[in-house]
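Now for the letters of each chain:
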Amino acid sequence: MHTLATLSQDYHGSVFSNPTVLAAGILGVSASSLANVIRNGAGAVTTKSVGPAARAGHPNPVVIATDGYLLNAVGLSNPGAEASVEELAAAVRGCSAPVIASVFGSTAQEFADVVRVLDAAKPAFFEANISCPNVGSEFGRPFGTDSAAAAKVVEEIKGETATPLIVKLSPNVPDLVEIAKAVCAAGADMLCAINTVGPGMLIDLAARRPVLANRSGGLSGPAIKPIAVRCVYDLYRAVDVPIIGTGGISTGKDAAEMIMAGASLVGIGSAVYYRGIDVFAKVARELDAFMQEHGYAGIGQLRGCAHDA
Ligand SMILES: Cc1cc2nc3c(=O)[nH]c(=O)nc-3n(C[C@H](O)[C@H](O)[C@H](O)COP(=O)(O)O)c2cc1C
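Residues numbered from 1 in each chain as written. Predicted model: local features only at pLDDT ≥ 70, side-chain atom pairs only at ≥ 80, totals over all residues. Heavy atoms only, no water.

## As for the sheet that holds strand E11 (residues 197-200)
Hydrogen bonding along the main chain pairs the strands of a sheet, whether they run parallel or antiparallel. What the 4 strands build is an open sheet, ordered E5-E6-E14-E11; its pairing is antiparallel. The open sheet has two free edges, formed respectively by strand E5 (63-65) and E11, since each of these has just one partner strand. Each adjacent strand pair in this sheet contributes to an overall mean axis angle of 25 degrees, direction not counted. Summarising the sheet, E11 and strand E14 (residues 217-220) pair through 2 bridges and their orientation is antiparallel. By the bridge assignment for E14, Gly200 is matched with Gly217. (Pairing = 2+ DSSP bridges. Helix = DSSP H or I, 4+ residues; strand = E, 2+ residues; numbered from the N terminus. Axes fitted to C-alpha atoms, helices over the stretch in contact; angles between N-to-C directions.)

See the structure below:
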């Protein structure tokens, strides 16, 4: 009998009861919020990105939701590593699924400094956010778009911790595969693709100005799924590490498509807005139903099968 148990996978000693993963930045860093996401069916959760020092982020409005996409320019608001470590430890203790700690910095050394502080909380994984598109050249762009700089971030973090490392990639580059190969050669254990696309802009016709206070922001949600699927497809052919396919996943069929492209796990962010907090349970159930209907015995049979033809 085909059960939800066929959705379970094990990576680096962590059990993911199903492939859905809360994407970074969507539901904060608080232990109660992350545990609630797991109660609502997530196979794992990622925190909001934490940096070296407290940061207010951009002024409101920071998120716009439309039928087909979200635009956000949150601007990496966070309380800083020292102020986050206790809450992260509470989240790790209180969550019955892997907790992925997302980190950022403005230098490779800063990434490592944040990891050193947060390692005390014993997250299952770190995720290096080298790819935020809405903070200009301050964070993200220098690392996410340059393979040597991206590799340096991985080397510095790896020098600091034995906790497995996920690197979150930007789609906004001419050659994603080159950057992926560089971070894998430097020791990345997994990849997450993709962060938001753009930045994009929406103009308020009556006010005759951009809606976001930051003017532009990262594009996410259903509109970016084809880009995310193509990125994961390219990465699967180029690297051997597991990939968290993220971008526009809202349904079980979206998840199946992403896994066929080569993802092992699927990140879900904007769909929390479209389908509610229990989107994780819904996507897992729908994926299971799809697999049952089409005779897939486990995720392993589905993963990468779009490459076979
Ligand atoms: C409001 C908002 C905040 C986000 N904050 C972060 C963040 O702090 N760190 C990060 O790596 N990605 C962040 N992201 C990107 C998401 O984790 C994800 O990569 C992207 O939204 C694509 O997935 P989706 O289409 O399922 O939302 C954010 C996205 C949104 C919509």
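## Section: the packing of aromatic side chains
Tallying each qualifying case throughout the model produces 4 aromatic pairs. Here the aromatic rings of Phe16 and Phe125 are separated by 5.9 Å at their centres, their planes lie at 50 degrees, and the arrangement is tilted. Of this pair, Phe16 sits in strand E2 (residues 14-16) while Phe125 sits in strand E8 (residues 125-129), placing them 109 residues apart in sequence. In this pair, the class of Phe16 matches that of Phe125, namely buried. Judged by centre distance (5.0 Å) and plane angle (80 degrees), the ring pair of Tyr273 and Tyr274 falls under edge-to-face. We classify Tyr273 as exposed; its relative accessible area is 52%. Residue Tyr274 is classed as partly exposed on the basis of its relative accessible area of 26%. (Phe/Tyr/Trp six-rings, centres within 6.5 Å; stacked < 30°, edge-to-face > 60°. Buried < 20%, exposed > 50% of the residue type's maximum accessible area, 1.4 Å probe, protein only.)

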